Amino acid sequence: HDRKMRSTLKPKTGTLRTKDGKTGRPPPLSLTEATKALAKLWLQKGRQSLKGRLQAKAKDLYEEIDRAVAKMPEKDDWFYTSELRLAGENLANVGRSLREERKNKQAQADGKARKMQDDVQNYRDKKEAEMATELAEFEKHEHVERAKLERELEKRKIDVMAHKATRQQEFD
């Protein structure tokens, strides 16, 4: 009796269960398209957030290097040594060139992304126009065919009525 009661109370799906009774593995996870889209959105936003934080950290480092190099004038080489000052200036120059390179790469990537979006929009517009044209042609064809069928139906009705009238005359 206890087993029968448990089996009737057992949920039909295994989504809440941690292990499958037969294999010992958790059941496969089934996701809807909406859940997948939401997960992709979260992943994309997480990547953007991480990228933004890394860029902010890099910007802070560049600014800190620039401030440190600015505090090392050539007249203070007796304290900082010219080697350290030149290394700092070199590092600041490398930082500036990296910033410029990143800006250029970002501008190129933005341009490519914009071009791809424009291409997709143009393709979508073209396909929608083609679909509208095909739909109009189909509706026109349907209208012509419907009119033709209605004429045939009327002709057939007239024929049936005429046949009925001739048959009725024969029997009268």
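Residues numbered from 1 in each chain as written. Predicted model: local features only at pLDDT ≥ 70, side-chain atom pairs only at ≥ 80, totals over all residues. Heavy atoms only, no water.

Asker: Looking at this structure, how should I read the overall build of the protein?
Answerer: The helix and strand tally for the protein stands at 4 helices and 0 strands. Starting at the N terminus and ending at the C terminus, the protein contains elements arranged as α-α-α-α. Counting only residues that meet the buried cut, the protein has 5% of its 172 residues in that class. Taking the intrachain contacts of the protein between residues at least 6 apart in sequence as the baseline, contacts between residues at least 24 apart amount to 31%. (Helix = DSSP H or I, 4+ residues; strand = E, 2+ residues; numbered from the N terminus. Buried < 20%, exposed > 50% of the residue type's maximum accessible area, 1.4 Å probe, protein only. Contact = heavy atoms within 4.5 Å.)

Asker: For this particular structure, what's the right way to read the pattern of salt bridges?
Answerer: A pair can form between side chains of opposite charge whenever their charged atoms are brought close. This structure, assessed with the given rule, holds 12 salt bridges. Arginine 85 is the partner of glutamate 89 in a salt bridge, and the nearest nitrogen-oxygen pair spans 3.3 Å. With glutamate 89 and arginine 85 both in helix α4 (residues 82-171) and 4 residues apart, this pair spans about one turn of that helix. Overall, glutamate 89 belongs to the partly exposed group, its relative accessible area being 30%. Between glutamate 130 and lysine 127 there is a salt bridge whose closest N-O contact spans 3.2 Å. One end of the pair is glutamate 130 and the other is lysine 127, both in helix α4 and 3 residues apart, which spans about a single turn. On the basis of relative accessibility, which here comes to 32%, the residue lysine 127 falls in the partly exposed class. (Salt bridge = Lys/Arg side-chain N within 4 Å of Asp/Glu carboxyl O.)

Asker: Please clarify how α4 should be interpreted in this entry.
Answerer: Because an α-helix packs 3.6 residues into every turn, residues spaced three or four apart end up facing the same way. The end-to-end C-alpha distance of α4 is 129 Å, a good match for the 134 Å that 90 residues give at a rise of 1.5 Å each. When α4 is considered as a whole, its buried residues turn out to be Arg85, Gly88, Ala92 and Gly95. (Expected span 1.5 Å × (residues − 1).)

Asker: Explain the confidence of the model for the protein to me, please; I cannot follow it from the model alone.
Answerer: In low-pLDDT segments, the atomic positions of the prediction should not be examined closely. Of all residues in the protein, 85% have pLDDT values of 70 or greater, and the mean over the chain is 86. Averaged over each element, pLDDT in the protein is lowest for helix α1 (residues 2-9) (60) and highest for α4 (94). (pLDDT = per-residue confidence, 0-100.)

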